[in-house]
Amino acid sequence: MMFEHADGNPVLELEDEQSWRLLAATQHGRLVVSVAGEPDIFPVNYVTSNRKLYLRTAPGNKLAQLTINAKVLFETDGILSQEAWSVVLRGTARVLSNSDELAAIEELGLKTWVPTLKDFYVEIDPTSVSGRHFVFGEQPEREI
């Protein structure tokens, strides 16, 4: 088991450090943006550094939407045979343009998964992070 659950509770609310450990050990997630009240979601690969999240993107809806409304959500999860987890990060996105910032992000080795040009780096500065860990099992019987 990745985490110990008190009193046999199948759901554990993770501490920030536990959530960041899972974020750092994972490479894929979903970026949620919203413009004019219309949400959109994009699968992305990413990397973390210094409690920030970084991704690459190309011109298109994702880049346009996070430029219009920088408030974003990011979610990643993992499923194993007997347990699962989910981490949600809320934050502010910005496209990196400073040459020093771009050089630093290049050092992180963030590669695209799909063989397309993704020339824009996006940083998500978190305002909050929350996570949950789940232990699988049968639904208990209701007490009558």
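Bear in mind the structure is a predicted one, so any value in this text is a computation, not a measurement.

Caption draft 1: Layout of the nonpolar core. Ranked by size, the top nonpolar core spans 23 residues in total, and within it L23, L31, L55 and I124 carry the most contacts. Counting only elements with at least two residues in this core, the list comes to strand 1 (11-14), helix 1 (16-24), strand 2 (28-35), strand 3 (38-49), strand 4 (52-57), strand 5 (71-79), strand 6 (83-95) and strand 7 (120-135). Per-element accounting of this core gives the leading share, four residues, to strand 6. For L55, the residues in contact, after removing those within four places along its chain, are L31, V44, N45, Y46, L110, F120, Y121, V122 and I124. Core analysis: the next-biggest nonpolar cluster, separate from the first, contains six residues, Y54, L96, I105 and L110 among them.

Caption draft 2: Here's a closer look at the pairing of strand 4. The sheet contact formed by strand 3 and strand 4 spans four bridges and is antiparallel. Paired with T48 across the bridge in strand 4 is L53. The loop that links strand 3 with its antiparallel partner strand 4 comprises two residues; one of these, N50, has a positive phi angle of about 50 degrees. Pairing geometry for strand 4 and strand 7, over five bridges, is antiparallel. The residue of strand 7 that forms the bridge with L55 is V122.

Caption draft 3: Representation of the pattern of salt bridges. In total, this model carries six salt bridges according to the counting rule given. Residue E123 pairs with K52 through a salt bridge whose shortest N-O separation is 3.8 Å. Here the residue E123 occupies a position in strand 7, and K52 occupies one in strand 4, the gap between them amounting to 71 residues. Residue K52 is classed as partly exposed on the basis of its relative accessible area of 24%. Ionic contacts of the salt-bridge type, sharing partners, join the residues K52, R94, E101 and E123 into one network.

Caption draft 4: Highlighting the side chain of E75. One can find E75 in strand 5. Polar side-chain contacts of E75 include one of 2.5 Å to the side chain of R30. Of note is the side chain of E75, whose polar atom sits 2.9 Å from the side chain of S86. Each residue touching E75, except ones within four places of it in the same chain, is listed here: G29, R30, S86, V87 and V88.

Caption draft 5: Spatial organisation of the environment of L55. Positionally, L55 belongs in strand 4. Taking relative accessible area as the criterion, L55 reaches 0% and is therefore assigned buried. Spatially, the C-alpha atom of L55 lies 22 Å from that of I79, the residues being 24 residues apart in sequence.

Caption draft 6: How the structure looks around the packing of aromatic side chains. Summed over the entire model, instances satisfying the criterion amount to one aromatic pair. Pairing Y46 with F74 gives two aromatic rings, centres 4.8 Å apart and planes at 70 degrees, and the pair type is edge-to-face. Linking Y46 in strand 3 with F74 in strand 5, this pair joins segments that are 28 residues apart in sequence. Judged by relative accessible area, F74 falls into the buried class, the value being 1%.

The rules behind the values
- Residues numbered from 1 in each chain as written.
- Predicted model: local features only at pLDDT ≥ 70, side-chain atom pairs only at ≥ 80, totals over all residues.
- Heavy atoms only, no water.
- Core = buried A, V, L, I, M, F, W, Y, C linked by side-chain atoms within 4.5 Å.
- Buried < 20%, exposed > 50% of the residue type's maximum accessible area, 1.4 Å probe, protein only.
- Helix = DSSP H or I, 4+ residues; strand = E, 2+ residues; numbered from the N terminus.
- Contact = heavy atoms within 4.5 Å.
- Pairing = 2+ DSSP bridges.
- Salt bridge = Lys/Arg side-chain N within 4 Å of Asp/Glu carboxyl O.
- Polar contact = N/O pair within 3.5 Å; in protein donor to acceptor, adjacent residues only side chain to side chain.
- Phe/Tyr/Trp six-rings, centres within 6.5 Å; stacked < 30°, edge-to-face > 60°.

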